[in-house]
Amino acid sequence: MSTTSLLEELSEFDLPLWAGLDPAARLELQSKLQRIVLPGGEVLFREGDPADVLYMLVSGALGVSVQGDHGEQRRIARIAPSETIGEMALISNAPRSATVTALRDSVLLTLARADFESLIERWPSVMLYLSKLLADRLRAATRFTPVAFTPTTFAIVPVTQGVMVSDFAQAFLAEMRRSHGAGVDLIDAMPHQEDENGLYRFEASRERVIYVAPEPSGAWTERCIRHADHVVLLARPGEPLTCEAEALTNAVSSWRRHDLVLLQKQDARRPAPAHPSLQRLPVNQHLQVREKNLPDLQRLIRTSSGRAVGLVLAGGGARGFAHLGAIRALHEHGIPIDLVGGTSIGAVIAAICAIQIGLDEARDLMMEAFVRSPPLNDYTLPLIALIRGLKVDARLIEHFGERNIEDLWLPFFCISSNLTTGTTHVHRQGTLWRALRASLAIPGLLPPVVEPEGVLVDGAMMNNLPADVMADLQRGPVLGIDVARDVAFTSSGDEEKKAPLLRRILGLPTNAPDIVNLLYRSATISSDAQTLKARAHATLVIHPPLADVPLRGWEQFEKVVDIGYRHTRERIEAGALDPFRLP
């Protein structure tokens, strides 16, 4: 591009770097600039590279990352127009301190070192802008806060046969406009007689843009994906990945999000599974949408645009029944539940929610499973655990069958503790009942679940309220319900009634909890540090008052459900849950 044409193009932009300069000085600076186009996914420079150029982002988006202690790339910032990049290394005359990657096709202006040094020497106002920018970035880097993901550009791409892309895209556009305003627009082909700048102008004049690719491959499809912050991969259940879509299996980017959306039949009662070939796609979530089902489409848009409500349910034995009452209160007041996760009994109720069982049916299921026919009474010789666990296995299989986690109506995860590695294990895929069984496996009470990943036991040992796991998805506000925070064993009356003669003969304290209660409490009390960490990641944590409910108070089912319902309703009516309401 000639200097004259570049200067004409720059007249459209008012970058902060020259905002304080007089017209003559601005023209002199602009005459030193060069224009480059960086395709999405390309690296601008790497950490440790020599610094000889200053960059200004005109359009697109850039991601800044640094190498962590274990070799991983840690995302620290997202650069939007019209910020500058690389000035720190030029000022300090040091190598690049971070790696910068184009998150989308981006246009940048470059300024050589000699011209940069002349610029700040002659016009100190430029240095004031750079100093403020550096201070802001240093503060962000030292806080180690995750980079917020707020997509403004979306790509819709088919990956199997039988997908009516245009119909889906129009419905997506209409609902996006209803929920986000009129500044949303759609583009499904490269405009005639337009170059890449035409797309940037199109984006600049709108708040959100939906790129639609009619085919799974081709130049336009590649451009759609490169321009997108969030990619929706459309598929039909049971249909294999098309040959043309194979290239998408390598479309890995830690900065761009990919969701696989399975278009289910309108009357589907249970999601049909995806074809095994789709497992090769590098996706963040599996999402289910029934044809012509407005609530499903609305949930997809919330989940895609960062407005989804993530519900996290803690473990706590019989106190977990309060989750059922809390969920009923959320439903009655129109607060959506878009993603669910939990630990122990909280994982079971989260799974019921993800399957979208009706509230009354869910109550009957939990009543039958834990109250009328308790599963935790098939005692055995305590070689591995006090209970064989066969009744628990049978009950989980009965109610959850052979469902896979990725084939539920709502995105779901649950937590177990890996005794082999000493880490938290997050179950995001695989057989649902096995994941729940691991999350429920109180050490010493129930046998552990042995998987290739290690020996798995109750997740409450390490993370009883995994709000941090939900927050890491960056899908929207996180609501936690904590039923294990209250103290236990406040009254010794009941314990003194249990085998008092045997306790005296064995010389045991008459007022101490029995072994089963001790195991329950040991497995449902996370460390204070972990609890504080989890709570810090939640937008709000509801804490129903359950101190008077024993951990094994299964017979108090109705009372506990009612406590959860009343307390959640009170918090809603007081306005505490306003951030979770639909717009």
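Residues numbered from 1 in each chain as written. Predicted model: local features only at pLDDT ≥ 70, side-chain atom pairs only at ≥ 80, totals over all residues. Heavy atoms only, no water.

### A look at the overall build of the protein chain
- The secondary structure content of the protein chain amounts to 20 helices and 22 strands.
- Here the protein chain holds 583 residues, and 53% of them are scored as buried.
- Carbon and sulfur atoms form 53% of the exposed surface of the protein chain, whose accessible area is close to 25900 Å². (Helix = DSSP H or I, 4+ residues; strand = E, 2+ residues; numbered from the N terminus. Buried < 20%, exposed > 50% of the residue type's maximum accessible area, 1.4 Å probe, protein only. Areas by Shrake-Rupley, 256 points an atom, 1.4 Å probe, with all protein chains shown as cover.)

### Examining helix H14 (residues 432-440)
- Where burial is concerned, most of H14 is hidden: 8 out of the 9 residues are buried.
- Taken residue by residue, H14 has Leu432, Trp433, Ala435, Leu436, Arg437, Ala438, Ser439 and Leu440 as its buried positions.

### Let's talk about the sheet that holds strand S1 (residues 34-38)
- A sheet is described by the order of its strands in space; here 4 strands give the open sequence S1-S8-S3-S6, paired in antiparallel fashion. In this open sheet, the two edge strands, each paired with only one partner strand, are S1 and strand S6 (84-85).
- Where strand S3 (residues 53-59) lies against strand S8 (residues 106-112), 6 bridges are found, and the strand directions are antiparallel. Counterpart to leucine 54 in the pairing with S8 is leucine 111.
- In this fold helix H4 (residues 113-122) packs onto S3 and S8, with an angle of close to 75° to the strand it touches most, S8. (Pairing = 2+ DSSP bridges. Contact = heavy atoms within 4.5 Å. Axes fitted to C-alpha atoms, helices over the stretch in contact; angles between N-to-C directions.)

### Side note on the environment of histidine 567
- Positionally, histidine 567 belongs in helix H20 (residues 557-573).
- Given a relative accessible area of 15%, histidine 567 falls into the buried group.
- Separated by 25 residues in sequence, histidine 567 and isoleucine 542 place their C-alpha atoms 8.3 Å apart.
- Residues in contact with histidine 567, not counting those within four places in the same chain, are Ile542, His543, Pro544 and Pro545.

### Thoughts on the UniProt feature "short sequence motif: GXGXXG" (unreviewed entry) in the protein chain
- Mapped onto this numbering, the UniProt entry gives "short sequence motif: GXGXXG" (unreviewed entry) at residues 315-320.
- For residues 315-320, the helix share is 0%, the strand share is 0%, and the end-to-end C-alpha distance is 6 Å. (UniProt positions renumbered as here; feature names shortened; annotations may be inferred.)

### Regarding the sheet that holds strand S10 (residues 184-187)
- Strand order in the open sheet formed by 6 strands is S10-S11-S9-S12-S13-S14, and the pairing between neighbours is parallel. Every other strand in the sheet has two partners, leaving S10 and strand S14 (285-290) as the edge strands with one partner each. On average, adjacent strands in this sheet sit at an angle of 25° to one another, irrespective of strand direction.
- Two strands pair when backbone bridges link them, and strand S12 (residues 230-235) and strand S13 (residues 257-264) are joined in this way by 6 bridges, in the parallel orientation. Along S13, the bridge assignment pairs histidine 230 with arginine 257.
- Its contacts with the sheet place helix H6 (residues 165-180) against strand S9 (153-158), S10, strand S11 (208-212), S12 and S13, and it is angled at close to 165° to S10.
- Docked against the sheet, helix H9 (residues 294-305) engages S9, S12, S13 and S14, running at close to 155° with respect to S14.

### Some words on the packing of aromatic side chains
- Tallied over the entire structure, the rule returns 8 aromatic pairs.
- When the ring centre of phenylalanine 202 is taken as reference, the NZ or CZ atom of arginine 206 above it lies at 3.7 Å.
- One residue, arginine 428, lies across the ring of phenylalanine 413, its end atom 5.9 Å from the ring centre. (Phe/Tyr/Trp six-rings, centres within 6.5 Å; stacked < 30°, edge-to-face > 60°. Lys NZ or Arg CZ within 6 Å of the ring centre and 35° of its normal.)

### Description of the pattern of salt bridges
- All told, the structure shown has 20 salt bridges when counted by the stated rule.
- Put simply, glutamate 246 and arginine 280 hold a salt bridge, and the shortest N to O gap is 2.3 Å. Of the two residues, glutamate 246 is situated in the loop between S12 and S13 and arginine 280 in the loop between S13 and S14; the sequence distance between them amounts to 34 residues.
- With relative accessibility at 30%, the residue glutamate 246 sits in the partly exposed group.
- Here arginine 280 falls in the partly exposed class, since its relative accessible area comes to 44%.
- Here the salt bridges do not stand alone but share partners, grouping Arg177, Asp185 and Arg206 into one network. (Salt bridge = Lys/Arg side-chain N within 4 Å of Asp/Glu carboxyl O.)

### A look at the UniProt feature "active site" (unreviewed entry) in the protein chain
- Per the UniProt record, the feature "active site" (unreviewed entry) sits at Ser344 and Asp458. A maximum C-alpha distance of 6.2 Å places the annotated residues, which cover 115 residues in sequence, within one compact spot.
- Of note, serine 344 is situated in the loop between strand S16 (339-343) and helix H11 (345-355).
- Excluding residues that lie within four positions of it along the chain, serine 344 makes contacts with Gly315, Ser439, Leu440 and Asp458.
- Among the structural elements, aspartate 458 can be located in strand S20 (residues 454-458).
- When its relative accessible area of 0% is taken as the criterion, aspartate 458 is described as buried.

### Topic: the environment of aspartate 482
- Along the chain, aspartate 482 turns up in the loop between strand S21 (478-481) and helix H16 (493-496).
- Note: C-alpha distance between aspartate 482 and proline 545 (63 residues apart in sequence) is 9.8 Å.
- Ignoring anything within four residues of it in the chain, the contact list for aspartate 482 reads Ala314, Leu465, Arg535, Val541, Ile542, His543 and Pro544.
- Among the polar contacts listed, one links the side chain of aspartate 482 to the backbone nitrogen of alanine 484, at a separation of 3.1 Å. (Polar contact = N/O pair within 3.5 Å; in protein donor to acceptor, adjacent residues only side chain to side chain.)

### Some thoughts on the packing of helix H10 (residues 322-332) against helix H12 (residues 359-372)
- In the contact formed by H10 and H12, the axes pass within 11 Å of each other and the chain directions differ by 180°. It follows that H10 is roughly antiparallel to H12 by the angle criterion. Each of Leu324, Ile327, Arg328 and His331 in H10 lies in contact with H12, whose residues at this interface are Leu359, Asp360, Ala362, Arg363 and Met366.
- Taken together, the residues that form the contact of H10 with H12 break down as 5 nonpolar, 1 polar and 3 charged. (Parallel < 35°, antiparallel > 145°, perpendicular 65-115°, else oblique. Nonpolar A, V, L, I, M, F, W, Y, C, P; charged D, E, K, R; others polar.)

### Regarding unusual backbone geometry
- Of note in this structure, lysine 292 is not a glycine but carries a positive phi near 55°.
- Relative to the helices and strands, lysine 292 resides in the loop between S14 and H9.
- A positive phi is found at glutamine 356, a non-glycine position, where the angle reads about 65°.
- Here glutamine 356 shows up in the loop between H11 and H12.
- For glutamine 356, a relative accessible area of 35% puts it in the partly exposed group.

### A few points about the nonpolar core
- Of all hydrophobic cores here, the largest spans 66 residues; its most connected members are Phe321, Met366, Phe400 and Phe412.
- Broken down by element, the residue count for this core peaks at 10 residues, all from H11.
- Look past the residues within four positions of phenylalanine 321 in its chain and what remains in contact with it is Ile345, Met366, Phe370, Val371, Trp554, Phe557, Val560 and Val561.
- If you look at the next biggest cluster of nonpolar residues, it comprises 24 residues, including Val159, Phe202, Leu233 and Leu248. (Core = buried A, V, L, I, M, F, W, Y, C linked by side-chain atoms within 4.5 Å.)

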